[in-house]
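Coordinates in review
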Amino acid sequence: MDTDDLAARLGVPAEEVDRVRRLAGDRPSVPLPARADAPALLDRLAVPPDDAAEIIAGWPDPDSPAWTAELRWLLDRSIALVRADLGGHGWLPPGPAMPRDRGPAWRHLYVYAYLALVDDARAYHRAHGISDDVSWATLADLGRNLAVDRRMRGEGWPVMQSWLTLHTRGGLYELGRLQHQRGDTIGLHIPDAGPLTPEAVDASLDRARVFFPRHFPDEHHTEFSCGSWLLDPQLREYLPADSNIVAFQRRFTLDPYQEPDGLDADVEVRRFVFRTLSTPLDRLPRRTVLQRAVIDHLAAGRHWQWRQGRFPV
């Protein structure tokens, strides 16, 4: 099938199909684990039962009528595309956003690609001396993101499918409370995993200070960095001075503000604080100080900022 035909059958832009074809090229793919092994693997990856049932129901068995030739092509080439960048740590969309109302095969196509790459990711971890507990804790972010997407009624996944390629390429590691991304700096990410206490953050940073020199000795990091709405100084207008978020902010020296390209901070705040992008502002919950701050700020016609900051390792 040519690019235009594939795109028409998949219901996605032709340039997205061309990008997958170009980046994957003729590089090798890998098969998924056996369907019989899927329940144990999904459990190890912290995939919630409802999502696991859907994933297994849509499994790409050879005789499945749901898996059309174009879907199989995209799955194969998406796996090859991500696998070709093993060891990479940049943003990498695995393919086009799919029409997710066409059944489990379409909805979970990039989950199947993730599952196919678990063995490669684990082998990469072992080659760098990374322990099983860190390896599985990192890869289990799949389950966390599927749970968030279900809570968001499918609004979260287009971002998450690209985010999760960091895990399967060995570009990101979960070390306690924070996730740490390889790069020119150690990039910090804050998963939805409980309070962001100073003690938990300190422990995670201390682990990273040992982890990266030990497992990636050729990479010399001098700074931690973070890009997040959590670093927006406007939050201090609303939050107590001793709050966990304000304490986290105080660690950083902020870069001069620049409007981020292609990223709307108001949308990201709503995504993370409320896990919905479609609920009207006046119907959002006001249970916490942070929720009230977000709503009152936006209701006043103001906007949140995505800020970048850093501090020495």
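Please refer to the structure higher up on the page.
Numbering of residues begins from 1 in every chain and follows the order in which that chain's sequence is written. Residues qualify for local features only when their pLDDT is at least 70, as the model is predicted, and side-chain atom pairs are given and counted only at 80 or more; totals for whole chains, interfaces and linings, by contrast, use all residues. Side-chain measures here rest on the full set of heavy atoms in the structure, leaving out hydrogens and waters.

Describing the sheet that holds strand E5 (residues 253–254)
Taken together, six strands build an open sheet; the order of strands is E1-E2-E3-E4-E6-E5 and the sheet is mixed. Lying at the two open borders of the sheet, with one neighbouring strand each, are strand E1 (172–175) and E5. Strands were regarded as paired on the criterion that DSSP finds at least two bridges between them. Strands here mean DSSP runs of E at least two residues long; helices mean DSSP runs of H or I at least four residues long; both are numbered from the N terminus. Bridge count between E1 and strand E2 (residues 178–181): four bridges; the pairing is antiparallel. Across the sheet, the residue bridging to Tyr 173 is His 180, located in E2.

Some thoughts on the environment of Val 159
Among the secondary structure elements, Val 159 is positioned in helix H10 (residues 157–163). Partly exposed residues are those whose accessible area sits between 20% and 50% of the maximum for their type, while under 20% is buried and over 50% is exposed, using a 1.4 Å probe and protein chains only. We classify Val 159 as partly exposed; its relative accessible area is 36%. Along the sequence, Val 159 and Pro 93 sit 66 residues apart, while their C-alpha atoms lie 8.6 Å from each other. Throughout, a residue-residue contact means that at least one pair of heavy atoms, one from each residue, lies within 4.5 Å. If sequence neighbours within four positions are ignored, Val 159 has contacts with Trp 91 and Arg 271.

Section: the pattern of salt bridges
Salt bridge criterion: a side-chain nitrogen from Lys or Arg within 4 Å of a carboxyl oxygen from Asp or Glu. Inspection of the entire model under this criterion finds 22 salt bridges. Here Arg 182 makes a salt bridge to Glu 219, at a shortest N to O gap of 2.6 Å. Of this pair, Arg 182 sits in the loop between E2 and strand E3 (186–189) while Glu 219 is found in the loop between helix H12 (198–215) and strand E4 (223–228), placing the two residues 37 residues apart along the sequence. Put simply, Asp 255 and Arg 310 hold a salt bridge, and the shortest N to O gap is 3.1 Å. Of this pair, Asp 255 sits in the loop between E5 and helix H14 (265–274) while Arg 310 sits in strand E6 (residues 307–312), placing them 55 residues apart in sequence. The partly exposed category is assigned to Asp 255, whose relative accessible area is 23%. Taken together, the shared-partner salt bridges connect Asp 51, Glu 54, Arg 107 and Arg 150 into one network.

Considering empty space enclosed by the protein
Cavity means a closed set of points on a 1 Å grid over the protein atoms alone, one where a 1.4 Å probe fits but cannot get out, pocket means an open set with protein on both sides within 12 Å along at least 5 of 7 lines, and lining means a residue has an atom within 4 Å of a point. Grid points are joined across faces, edges and corners, and a volume is the space filled by probe spheres set on the points. Within this structure, the stated rule accounts for one cavity of 30 Å³ or more. Taken together, 12 residues form the lining of the largest cavity, with Tyr 110, Ala 113, Tyr 114, Gln 161 and Thr 165 sitting closest to its centre. No other element matches the five residues that helix H7 (residues 109–127) contributes to the lining of the largest cavity.

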